[in-house]
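The primary structure of each chain is shown beneath.
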Amino acid sequence: MSSPSKRREMDLMKLMMSDYKVELINDGMQEFYVHFHGPSDSPYDGGVWRIRVELPDAYPYKSPSIGFINRIYHPNVDEMCGSVCLDVINQTWSPMFDLVNVFEVFLPQLLLYPNPSDPLNGEAAALMMRDRSAYELRVKEYCQKYAKPEDAGATAEEKESDEELSEDEYMSDDEMAGQADP
């Protein structure tokens, strides 16, 4: 059986050869960014996210840590820190899985089939359950605002400091904040 470091190296190379843009952090193989494209035929289609991946020393026996760097509107992703609520990664991880599974199966499934009953973003979950079309519209707005291909290279803080909200956007945010959930 191969050592965790060889498996880490093999899985990372396999991910790179699967046409994912991978940026190593500090020239190591334990932390890196992956550019992830939203699944087609979904409200996330056309969006590109920069995903931070941290592999623990015990990888593949322990799951990787996955987080969105640029903002995404989704019930199972914390809007502020980007952490992901995904059972396969957080609880049922197996050494049989690899990094390609994360980006070709697990994350697309998360975006295609959100679980509003186990939210990290309660506002997104409530909107999804109350008004699916309004939820999908908000997802598309976030994609256009935060997940353009050029945004995958910028951190959320850099993106927000470069933007100024128009008076209309302030109004719509205030109006939304004033509405009570039924």
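The protein chain appears in an unreviewed UniProt entry as E2 ubiquitin-conjugating enzyme from Linum tenue. The record held by UniProt for the protein chain lists under Function (unreviewed entry) the comment "Accepts the ubiquitin from the E1 complex and catalyzes its covalent attachment to other proteins." As recorded by UniProt, the Sequence similarities (unreviewed entry) comment attached to the protein chain reads in full: "Belongs to the ubiquitin-conjugating enzyme family."

A. Local environment of the overall build of the protein chain. Counting its secondary structure elements, the protein chain contains seven helices and four strands. Along its sequence from the N terminus, the protein chain presents helices and strands in the succession α-β-β-β-β-α-α-α-α-α-α. The proportion of buried residues among the 182 residues of the protein chain is 42%. Accessible surface for the protein chain amounts to roughly 10200 Å². Of this, 50% is attributable to carbon and sulfur atoms.

B. Local environment of helix H1 (residues 4-17). Counted at 1.5 Å a residue, the expected span for H1 with its 14 residues is 20 Å, and the 20 Å between its end C-alpha atoms agrees. Residues Arg-7, Arg-8, Asp-11, Leu-12 and Leu-15 constitute the buried set of H1. Buried residues along H1 cover an arc of 130° about the axis, so they all sit on one side. Turned more than 90 degrees from where H1 packs its buried face, Lys-6, Met-10 and Met-17 sit exposed. Among the structural elements, strand E1 (22-24), strand E2 (31-37) and helix H3 (99-112) are those in contact with the buried residues of H1. Residue Asp-19 follows H1 closely and has a positive phi angle near 70°.

C. Representation of the pattern of salt bridges in the model. For the coordinates displayed, the defined rule picks out nine salt bridges. For Glu-31, the salt bridge identified is with Arg-52, shortest N-O distance 2.1 Å. Taken together, the residues span a long stretch of sequence, with Glu-31 in strand E2 and Arg-52 in strand E3 (residues 48-54) at a distance of 21 residues. By relative accessible area, which is 27% here, Glu-31 ends up partly exposed. A relative accessible area of 23% places Arg-52 in the partly exposed class.

Conventions used here
Residues numbered from 1 in each chain as written. Predicted model: local features only at pLDDT ≥ 70, side-chain atom pairs only at ≥ 80, totals over all residues. Heavy atoms only, no water. UniProt positions renumbered as here; feature names shortened; annotations may be inferred. Helix = DSSP H or I, 4+ residues; strand = E, 2+ residues; numbered from the N terminus. Buried < 20%, exposed > 50% of the residue type's maximum accessible area, 1.4 Å probe, protein only. Areas by Shrake-Rupley, 256 points an atom, 1.4 Å probe, with all protein chains shown as cover. Expected span 1.5 Å × (residues − 1). Arc of directions from axis to C-beta. Contact = heavy atoms within 4.5 Å. Salt bridge = Lys/Arg side-chain N within 4 Å of Asp/Glu carboxyl O.

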